[in-house]
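Residue-level listing of the chains:
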Amino acid sequence: MEGTFARFEGHEQVVFANDDASGLRAIIAVHSTRLGPSLGGTRFHPYPDDDAALTDVLRLSRAMTYKAACAGLDLGGGKAVIIGDPTTDRSEALLRAFGRAVDWLGGRYITACDVGTTPRDMAIIRRETRNVTGLDTEEGGSGDSGIATAHGVHLSMRAAAGVAFGEPTLQGRHVAVQGLGKVGTRLVRALVEEGAKLTVADVDEEAVDRVADLPGVEVVAVDQVLFADADVVSPNALGAVLTQTTIALLQARIVCGAANNQLGVDEDADRLRERGILYCPDYVVNAGGLINVADELHDGGYRHDRAIRRVEHVPDNLTRILELARAEDITTEAAAEEIAERRIAAVSGLLRWRG
Ligand code: NAI
């Protein structure tokens, strides 16, 4: 098949929303509703052209299907992009027009925050649709998802240590953390408390200052942190940090961090495996953020304790993936996809929810 549809690669629905009055140009991609309504954030970004926006939203929504399936959630995968510069193009009218477009999908797509959108934006979108999460706690939402995400990464790191070193603990281990934002800072604090030795870096000096004085923390230059002589390296800043060049220089036995899309290209999963480095698939270990916003969909509303309890299953999901990768002699990335596909095939016919 050729043409536009050939690019949709199994997506159920792709909606282009246009509103001349507010300047809204958005694309909503629903990859799969086989496990439930599709949930994924809205990225507000000045894409160079519409084609780049379409490529991005298709890729991101597909990834959400796998993320939700591996996390054991009754959610499908979807994502939205708003084409524009959030610093100059954001307006109440544009966000409401976007909310109306989300509402047209009748619950098949539920939005949330992503790069370029904030909980305040979600509150405006909610004035047009109920199908929105990622609101501030004052609005009845789940607030900063960094807490849940960092917790999931920390517990996953312990599980990976169990597989790689035989003991599921970071006590006495050396962990290098790239990026000290909402996730990285909390992760560092938890690891210090557990008795790990830390090497950290961030481009932002204020972020570094937040953790520099903690016991056992050493600050290094941003171009060195990934290659520290550590047991574990944890990317929590940017995507595409694991490439042919960087993988060759890694010293750590485990890679486990929250940053999205850590692999530069698919083959990088093979490169990590060939070097004997245990790569914890990013979308599996950073699922705490999704689990946290998904809790807003409960009938009684969001409960932090319940969300955190659910995040505590993230390391079990990771362990199953690591075991499958070992048993089938495949990459951990391939094992994660297989586990997701198996779950979708096994339970999608049994769900109460029908899209
Ligand atoms: P954040 O924006 O709060 O923190 C990112 C930090 O990385 C900032 O302090 C920034 O200065 C730093 N940074 C940027 N470039 C850097 C570089 N070259 N070297 C070192 N540090 C650099 O973001 P947050 O929320 O902490 O998320 C971290 C990563 O995890 C992001 O990739 C995000 O997409 C991903 N993620 C976050 C979730 C969440 O719940 N917050 C959920 C799932 C994924």
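Only a predicted model underlies this, so the values are computations on that prediction, with no experimental measurement involved.

The rules we used
- Residues numbered from 1 in each chain as written.
- Predicted model: local features only at pLDDT ≥ 70, side-chain atom pairs only at ≥ 80, totals over all residues.
- Heavy atoms only, no water.
- Helix = DSSP H or I, 4+ residues; strand = E, 2+ residues; numbered from the N terminus.
- Rg over C-alpha atoms; globule rule 2.2 N^0.38 Å.
- Buried < 20%, exposed > 50% of the residue type's maximum accessible area, 1.4 Å probe, protein only.
- Contact = heavy atoms within 4.5 Å.
- Areas by Shrake-Rupley, 256 points an atom, 1.4 Å probe, with all protein chains shown as cover.
- Lys, Arg positive; Asp, Glu negative; His and termini not counted.
- Charge placed at Lys NZ, Arg CZ, Asp CG, Glu CD.
- Domains from an automatic or database assignment.
- Phe/Tyr/Trp six-rings, centres within 6.5 Å; stacked < 30°, edge-to-face > 60°.
- Lys NZ or Arg CZ within 6 Å of the ring centre and 35° of its normal.

Structural notes on the overall build of the chain
When you go through the chain residue by residue, the secondary structure sums to 14 helices and 12 strands. The C-alpha radius of gyration of the chain comes to 20 Å, within 12% of the 20 Å expected for a compact globule of 355 residues. Counting only C-alpha atoms, the chain reaches 55 × 45 × 40 Å along its principal axes. Looking at the chain as a whole, 55% of its 355 residues are labelled buried. Intrachain contacts of the chain at a sequence separation of at least 6 include 64% that bridge at least 24 residues. Total accessible area on the chain is roughly 15900 Å²; 48% of this is exposed by carbon and sulfur atoms. Between the averaged position of the 37 positive side-chain charges in the chain and that of its 53 negative side-chain charges there is a distance of 5 Å.

As for the domain arrangement of the chain
We note that the domain assignment places domain 1 (4-64 + 77-139) and domain 2 (146-287 + 315-342) within the chain. Its C-alpha centre places domain 1 at a distance of 29 Å from the equivalent point of domain 2.

Topic: the packing of aromatic side chains
Enumeration according to the criterion identifies 1 aromatic pair in this entry. Measuring from centroid to centroid gives 5.3 Å for Phe-5 and Phe-8, while their planes differ by 55°, and the two rings are tilted. Accessibility expressed as a relative area gives 61% for Phe-5, which makes it exposed. Under the relative-accessibility criterion, Phe-8 is labelled buried at 11%. Its guanidinium or amino end placed over the ring of Phe-165, Arg-173 lies 4.0 Å from that ring's centre, counting from NZ or CZ.

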